[in-house]
Amino acid sequence: MHASLANRRGILLMIAGSSVFASNDAFSKLALAHIPPSEILAVRGVMAALMLVAFLGWKGQLASLRHCADKRVLLRAAAEACVAMLFITAITTMSIADATSILQVVPLVTMAAAVMFFGARISRSLWVAVAAGFLGVTLIVKPGSSAFDFTALLPLGCAFLISFRDFVTGRIGAHVPTLVVTATTAGIGMMMGFAGSTVEQWAALDLWTFGYLVGGSVTLIAGHMLTIAAFRGTDPSTISPFRYAGVVCSVALSATLFHQMPDLVSIGGIALILAAALYTMHQHMSAPKIASVPAKPAVAVVSAEEPRKAA
């Protein structure tokens, strides 16, 4: 696919995937009122894995599950499972709007990583954008104030892990089906959740909580498939800024379902993060300032979500 067409397709898929992940976050927060994070990760992972295996069987592609043992697929899945656990833990006390907004520094982290690890060069104005993005994070997290909570730092950790995950996924061979990457992610997340049962007290599932987990499983699969597909054959630094679409959905869901609206300081932080991400996006779309990372021979570019985002 021509590079410009692939990037346009990737942008649309990223916007859709980010919006779906916002719904996934809402299902997780609803379930958190009844069960701990590890139980959400485990039960949701079991449901998602079973759905994906059934779908692969229906398509006659069960043999492709052998790619689950691919080192890059496993590394991506492990990174995503950590993202999910950190993010779900964060939204036990944070609003999904604030947590999702912090994740929007991912493209800035990705850009900085390209400079440090791949020798890319960026202009001073883009470094200013990076600084503005992290200033926005501090306005949301509010370190040193009475409103500060340690869990507010968890989404920032997620952002670094997501950037790493995207670089890893960008090096997964094109022969590995998206469904297999998603199934592996669900499976590793499930195992991490069951491991968490040793330190968290699980609770019995009622009908409403079970429904939230089913909704979380469906949106988890859809979000991963959309965002993984978004990065196939595209430039991650171009696609990543469009995660900002998830912020709009998260703010709306926070206000509608949980009656949580960001305060004025947090709104200022959200605005700074989005402005930095949008400026970075504009620079890449109009006159790219960041040197492209050389692709490995005979390996197609693939990268992932969401997270997210992730949860």
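Note that residues are indexed from 1 along each chain, following the sequence as it is written. pLDDT decides what is reported in this predicted model: residues at 70 or higher carry local features, side-chain atom pairs at 80 or more are listed and counted, and totals for whole chains, interfaces and linings draw on all residues regardless. In computing side-chain values, all of the structure's heavy atoms are included and hydrogens and water are not.

Novice: Would you mind going over the overall build of the protein chain with me for this structure?
Specialist: The secondary structure listing takes helices from DSSP runs of H or I that are at least 4 residues long and strands from runs of E that are at least 2 residues long, numbered from the N terminus. Summing up its helical and strand segments, the protein chain has 12 helices and 0 strands in all. Along its sequence from the N terminus, the protein chain presents helices and strands in the succession α-α-α-α-α-α-α-α-α-α-α-α. Only protein chains enter the calculation, and the probe is 1.4 Å; a residue is then buried if its accessible area is under 20% of its type maximum, exposed if over 50%, and partly exposed in between. Put simply, the protein chain has 311 residues, and 54% of those count as buried. Note on areas: these come from Shrake-Rupley sampling with a 1.4 Å probe, and a residue is covered only by the protein chains present in the view. For the protein chain, the exposed surface amounts to about 13000 Å²; the carbon and sulfur share of it is 72%.

Novice: Would you mind showing me how to read the nonpolar core here?
Specialist: Nonpolar side chains in soluble globular proteins tend to be buried together. Nonpolar cores were defined as sets of buried Ala, Val, Leu, Ile, Met, Phe, Trp, Tyr and Cys residues, with membership established by side-chain atoms within 4.5 Å. Counting 39 residues, the largest nonpolar core has I40, I102, V105, V137 and L213 as its most contacted members. In terms of residues, this core owes the most to one element, helix α3 (residues 71-90), which gives 6 residues. Note on definitions: a residue-residue contact is assigned when non-hydrogen atoms from the two residues lie within 4.5 Å. The residues touching I102, leaving out its near neighbours within four places in the chain, are M94, V137, I140, V141, A152, P155, L156 and I273. Counting residues in hydrophobic clusters, the runner-up holds 16 residues, among them V176, A183, L220 and I221.

Novice: Can you help me understand the UniProt feature "transmembrane region" (unreviewed entry) in the protein chain in this one?
Specialist: UniProt positions are given in the numbering used here, feature names are shortened, and annotations may be inferred rather than shown by experiment. Under the UniProt annotation, the feature "transmembrane region" (unreviewed entry) is placed at residues 43-61, 73-96, 102-118, 125-141, 176-195, 207-230 and 264-281. In the segment residues 43-61, helix accounts for 84% and strand for 0%; the C-alpha atoms at its two ends are 24 Å apart. Helix makes up 90% of residues 176-195 and strand 0%. Its end C-alpha atoms lie 28 Å apart.

Novice: Looking at this structure, I do not really get the packing of α3 against helix α7 (residues 154-169). What am I missing?
Specialist: The relative placement of two packed helices comes down to the angle between their axes together with the axis-to-axis distance. One can describe the packing of α3 onto α7 by two numbers: an axis separation of 9 Å at closest approach and a directional angle of 165°. With respect to α7, the element α3 is oriented roughly antiparallel. In this structure, the crossing between α3 and α7 has a hand that is left-handed. Mapping the contact onto sequence places R72, L75, R76, A79, E80, C82, V83, L86, F87, T89 and A90 in α3 and L154, P155, C158, L161, I162, F164, R165, V168 and T169 in α7. Between N-to-C directions, angles span 0 to 180 degrees; the directions come from axes that are lines fitted to C-alpha atoms, helices contributing only their stretch in contact. Relative orientations are named as follows: roughly parallel for angles under 35 degrees, roughly antiparallel for angles over 145 degrees, roughly perpendicular for angles from 65 to 115 degrees, and oblique for any other angle. Working rule for handedness: look at the near helix, and if it is turned counterclockwise from the far one by less than a right angle, call the crossing left-handed; if clockwise, right-handed.

Novice: Is there a simple way to think about unusual backbone geometry in this case?
Specialist: Negative phi is the rule for most residues except glycine; trans is the rule for most peptide bonds. Backbone geometry at H259 places phi at a positive 55°, although glycine is not the residue there. Turning to its location among the elements, H259 is positioned in the loop between α11 (245-257) and α12 (264-286). Residue H259 is classed as exposed on the basis of its relative accessible area of 70%.

Novice: Explanation requested: the pattern of salt bridges in the structure shown.
Specialist: By convention in these notes, a salt bridge is any Lys or Arg side-chain nitrogen within 4 Å of a carboxyl oxygen on Asp or Glu. Counted according to the given criterion, the structure contains 2 salt bridges. Note that E80 and R165 form a salt bridge whose closest N and O atoms lie 2.4 Å from each other. You can see E80 sitting in helix α3 and its partner R165 sitting in helix α7, a full 85 residues away along the chain. The pair E80 / R165 is uniform in exposure class, with both members buried. Between D166 and R165 there is a salt bridge, with its nearest N and O atoms 3.0 Å apart. Comparing D166 with R165 shows no difference in burial state: the two are buried. Each of E80, R165 and D166 takes part in salt bridges that share partners, so that together they form one network.

Novice: Looking at this structure, how should I read helix α2 (residues 37-58)?
Specialist: Counting along an α-helix, one turn takes 3.6 residues, and residues three or four places apart therefore face a common direction. Here the expected span of a helix is defined as 1.5 Å times the quantity of residues minus one. Here α2 spans 31 Å end to end across 22 residues, near enough to the 32 Å set by a 1.5 Å rise per residue. Immediately beyond the C-terminal end of α2, within one or two residues, lies G60, with a positive phi of roughly 70°.

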